[in-house]
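This is what each chain is made of:
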Amino acid sequence: MFPLNQWYVAAFAWELQDKPIARTLLNRPLVLFRTRSGRAAALEDRCCHRSLPLSFGTIEQAGIRCGYHGLLFEPGGQCIEIPGQEKIPSKARVAAFQVVERNQIVWIWMGEQADSEASVQPPEVAAHDDPRYEFGGGVFHYQAPYQLIHDNLLDLSHLGYVHARTIGGNPKLHMSAPTRVEGDGDKLRVVRWLKASEPPATYSAAWPFKGLIDRWQEIDFHVTYLAIWTGAVDAATDALDNPDRGGFHMRGFHGITPETETTAHYFWTLASNTHPDRPGTSELVCRQTEATFEEDRLIIEAQHRNMCRFGGTHGIDIHVDAGPNRARRIIDRLTSRSKEAAA
Ligand code: FES
Ligand SMILES: [Fe+2]
């Protein structure tokens, strides 16, 4: 079971082209597609006639046509054509999920009831449409439970050990950086400052820092995604809580959607600003970020394999676990609520 009545990321807008995508979200096998008229849709990936996955079908102006006997389904799940048969039975429909595209993200409403509609808009990811930034991103599939990804993103003390080649830096400094954890309902914020530290490789490549830098890391945890704002200014040149601070900025979006209890989809983007003397660095930053996330994936999947091998999920806690542990309590609470609603 997972927290329901939430907007989860189903895909990026650019993934929905001329072919349907088969993707399981929260244990539900879905077909995701965009009609030729441009509407994004998510249906249960099973034809109501003889159960061929609809993802084997083809996309048309009005919907998706099953690849076996040609039933045509509109984005609401209703069958609107049965070739060679005039009457369409009212039961000729498949489950449909509400889908909204915003800032190039295709959000899907996973309600406690089938066919439920959201009463709230999906979140805004402003950096995707902010002219100060350029962004890129991708989708990773994880052979590990989604909460291990939350743990990793809420605890950036690992940067010095796991990401030495890109965004790392001095491991001891990372591990001892003062960390503030603030909760607000189902949200959580973790703030860390690393003052007067050596710029890591990605930062030096992207921005002409003069020497030591003051770095910030602001992690906003939401139930289905995290927004992580990191960056740096030349040491002692700006306040790290100045909302208009200068320097190099990276705004990460991390949509974490469980596939099953033990596997997950990780939708990430990274938006960064470009220094006038360093044109084209956003792409470099994005490539290095992807390499960084690949490093995380190796760690997290190995961690999961070992948890399966030895049994149990948790070891001892240390000081860096405050954020991840609070996020787990939020997920536990919401999951229990969804379980009760389904009972
Ligand atoms: S299985 Fe889909 S039309 Fe027959
Ligand atoms: Fe990492």
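You'll find the structure just up there.
The rules behind each value
- Residues numbered from 1 in each chain as written.
- Chains lettered and ligands numbered in written order.
- Predicted model: local features only at pLDDT ≥ 70, side-chain atom pairs only at ≥ 80, totals over all residues.
- Heavy atoms only, no water.
- Phe/Tyr/Trp six-rings, centres within 6.5 Å; stacked < 30°, edge-to-face > 60°.
- Helix = DSSP H or I, 4+ residues; strand = E, 2+ residues; numbered from the N terminus.
- Buried < 20%, exposed > 50% of the residue type's maximum accessible area, 1.4 Å probe, protein only.
- Lys NZ or Arg CZ within 6 Å of the ring centre and 35° of its normal.
- Salt bridge = Lys/Arg side-chain N within 4 Å of Asp/Glu carboxyl O.
- Donors = N, O, S within 2.8 Å, 3.2 Å for Na, K, Ca; no water.
- Tetrahedral: all angles 85-135°; square planar, octahedral: opposite > 155°, others 65-115°.
- Pairing = 2+ DSSP bridges.
- 1 Å grid on protein atoms, 1.4 Å probe; cavity = no way out; pocket = protein on both sides within 12 Å on 5 of 7 lines; lining within 4 Å.
- Points joined across faces, edges and corners; volume = space filled by probe spheres on them.
- Axes fitted to C-alpha atoms, helices over the stretch in contact; angles between N-to-C directions.
- Left-handed = near helix turned anticlockwise from the far one by under 90°.
- Contact = heavy atoms within 4.5 Å.
- Nonpolar A, V, L, I, M, F, W, Y, C, P; charged D, E, K, R; others polar.

Trainee: I keep staring at the packing of aromatic side chains and nothing clicks. Help me out?
Mentor: A ring pair, where both rings are aromatic, is described by two values, the distance of the centres and the angle of the planes. Within the structure shown, the criterion is met by 16 aromatic pairs. With a centroid separation of 5.2 Å and 80° between ring planes, the pair formed by Trp268 and Phe293 is classed as edge-to-face. Within this pair, whereas Trp268 is found in strand β18 (residues 264-272), its partner Phe293 is found in helix α5 (residues 281-310), the two being separated by 25 residues in sequence. We classify Trp268 as buried; its relative accessible area is 1%. It is Arg215 that lies over the ring of Tyr203; its NZ or CZ is 4.7 Å from the centre. Above the face of the Phe140 ring, Arg297 is positioned so that its terminal group lies 5.7 Å from the ring centre.

Trainee: Just checking my understanding: could you explain the pattern of salt bridges for this structure?
Mentor: Two side chains carrying opposite charge are able to pair once their charged atoms lie near each other. According to the stated counting rule, one finds 16 salt bridges in the structure shown. For Glu283, the salt bridge goes to Arg287, with nearest N and O atoms at 3.5 Å. Residue Glu283 and its partner Arg287 are located together in helix α5, separated by four residues, close to a single helical turn. For Glu294, the salt bridge identified is with Arg297, shortest N-O distance 2.8 Å. Of the two residues, Glu294 and Arg297 are both situated in helix α5; the distance of three residues between them amounts to about one turn of the helix.

Trainee: Please clarify how the coordination of the iron ion (ligand 2) should be interpreted in this entry.
Mentor: Tetrahedral coordination by four donors places them ideally at 109.5 degrees to one another around the metal; octahedral coordination by six donors ideally gives 90 or 180 degrees. Distances from the iron ion (ligand 2) to its protein donors, His158 (NE2), His163 (NE2), Asp296 (OD) and Asp296 (OD), fall at 2.1 to 2.3 Å. Bound by four donor atoms, the iron ion (ligand 2) shows angles of 58 to 148° at the metal and therefore irregular coordination geometry. Mapped onto the polypeptide sequence, the residues donating to the iron ion (ligand 2) form the spacing pattern H-x4-H-x132-D. You can see His163 sitting in the loop between α2 (159-162) and α3 (171-176) and its partner Asp296 sitting in helix α5, a full 133 residues away along the chain. Classification of His163 by relative accessible area gives buried; the value is 1%.

Trainee: Got a minute to help me understand the sheet that holds strand β8 (residues 79-81) in this structure?
Mentor: Pairing between sheet strands relies on hydrogen bonds along the backbone, with the strands arranged either parallel or antiparallel. Here four strands make up an open sheet; going across it, the order is β5-β6-β7-β8 and the pairing antiparallel. What marks the edges here is a single partner per strand, and that holds for β5 (58-59) and β8.

Trainee: Any chance you could explain empty space enclosed by the protein here in plain terms?
Mentor: Left-over empty space is what a probe sized like a water molecule reveals as it rolls over the atoms. Tallied over the full model, the rule gives two cavities of 30 Å³ or more. Estimated volume of the largest cavity: approximately 250 Å³. Along the wall of the largest cavity there are 23 residues; nearest its centre are Ile167, Ile228, Thr230, His254 and Phe293. Per-element tally for the lining of the largest cavity: the top contributor is α5, with six residues.

Trainee: What's the story with the packing of helix α1 (residues 146-154) against helix α6 (residues 322-342) in this structure? I'm lost.
Mentor: The relative placement of two packed helices comes down to the angle between their axes together with the axis-to-axis distance. One way to put it is that α1 packs onto α6 with a least axis distance of 8 Å and a crossing angle of 145°. As for the relative orientation of α1 and α6, their crossing is right-handed in sense. In this structure, α1 contributes Tyr146, Gln147, Leu148, His150, Asp151 and Leu154 to the contact, and α6 contributes Gly323, Pro324, Ala327, Arg328 and Ile331. Classifying every residue of the contact of α1 with α6 by side-chain character gives six nonpolar, three polar and two charged.

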